[in-house]
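# Results of the structural survey
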Amino acid sequence: MGLRSFCCILPGRVRDQSPKFANGGGLDERISAAMANAYRASSTAEINRDHLERVEGHINFVRRTPYERAPEAFLPGYDLPPMVSYEVTIHNARPIVNELSLEREGFTLVQHKISCANERNPETMYDRYLEEMAPLIKNYFNASWVVPRRGSVVVRSAGGSSVPGVREPARWAHIDYAPIAAPMLAAIENQLQGIQARTYSRLMIIQTWHALSPPPQDFPLAFCDGTSVHDTDLIAIDYTFRDVTFKLCVAHFNPAQRWYYFPEMTADEFILFSCYDSEGHCSSRAAHSAFDNRRAYPNAKPRDSIEARFFVYYV
């Protein structure tokens, strides 16, 4: 099927700028939710994020200047700018999971067990995973409709795999899509799936990450708090994945960045994180990277995981 013009799906007039997540509703509901949030914040005020349990892990960043004093990092198989490696403090986010917000930090943890965790055929797993997660994402965000990006479901294995299409964990700080690329990729995906063009007021790209291997994992996924990422920490580059070239963002190191992870992920939970949000006040900078955590868990199991991307729309 040939691709039609990218401009077939255009943002409509924004009528309601308020978040439309599943816990939204009328005024009374919003007031109740605000009171509950205020109570929760006060009840957890004693949690100082600087005092959370922490580990040290190496994360690779794009070199900021030619004179940056940091060890060079070599990532075979990736066409990336010159990289450097930093040892980063990564805090345990589990004690603050109720405080995390996709609109602020850019990531959170959700309780849900997928039914395809033991599927051994990758293609079958891809289809079953999307069929299960797309309606869950729609319900979670109370969205108008959700379109999964079918070509971006990825199974990764840190232990090496001979199965075609299974990739190693990505050990470099990045955001999967640059803001300039997001609406274009959404339009292309709609055309590829034969979905009729519709106007929308808001578009988000939401990602999911499930651990398939038992805990603890040797190469867990770390996330950078979106509020600690400066504009100058990110640059957009051309990147090719499965024969599609688009722009993604890679990150420079900044000592002000705050990194978190969820240790010992189980099959009953998954990480939900934001890649793009057309509403400018929301954080869409959930930079992330795998890191080697075998110093903290010497007997950790090789990580197997599945991840996917979803275009989330509101009328």
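Scroll up to find the structure.
Rules used in this analysis
- Residues numbered from 1 in each chain as written.
- Predicted model: local features only at pLDDT ≥ 70, side-chain atom pairs only at ≥ 80, totals over all residues.
- Heavy atoms only, no water.
- Helix = DSSP H or I, 4+ residues; strand = E, 2+ residues; numbered from the N terminus.
- Contact = heavy atoms within 4.5 Å.
- Phe/Tyr/Trp six-rings, centres within 6.5 Å; stacked < 30°, edge-to-face > 60°.
- Buried < 20%, exposed > 50% of the residue type's maximum accessible area, 1.4 Å probe, protein only.
- Lys NZ or Arg CZ within 6 Å of the ring centre and 35° of its normal.

To continue, consider the environment of R94. Of note, R94 is situated in the loop between β3 (83-92) and β4 (107-111). Remark: the alpha-carbon pair of R94 and Y261, spanning 167 residues in sequence, is separated by 8.0 Å. Residues in contact with R94, not counting those within four places in the same chain, are L109, F262, P263, E264, M265 and E269.

With that out of the way, let us pick up the packing of aromatic side chains. Counted under the stated rule, the structure contains 16 aromatic pairs. Aromatic side chains F61 and F253 sit 5.4 Å apart centroid to centroid with 70° between the ring planes, which places their arrangement in the edge-to-face category. With F61 in strand β1 (residues 54-62) and F253 in the loop between β11 (244-251) and β12 (259-261), the pair connects residues that are 192 residues apart, well separated along the chain. Both rings, one in F61 and one in W259, keep their centres 6.1 Å apart while their planes meet at 80°; by these two values the pair is edge-to-face. You can see F61 sitting in strand β1 and its partner W259 sitting in strand β12, a full 198 residues away along the chain. Like F61, the residue W259 is buried in the burial classification. Ring pairing ties together the aromatic residues Y78, W172, Y177, Y239 and F246, which thus form one cluster. Positioned above the aromatic ring of F246 is the side chain of R149, whose terminal nitrogen or guanidinium carbon lies 5.6 Å from the ring centre.

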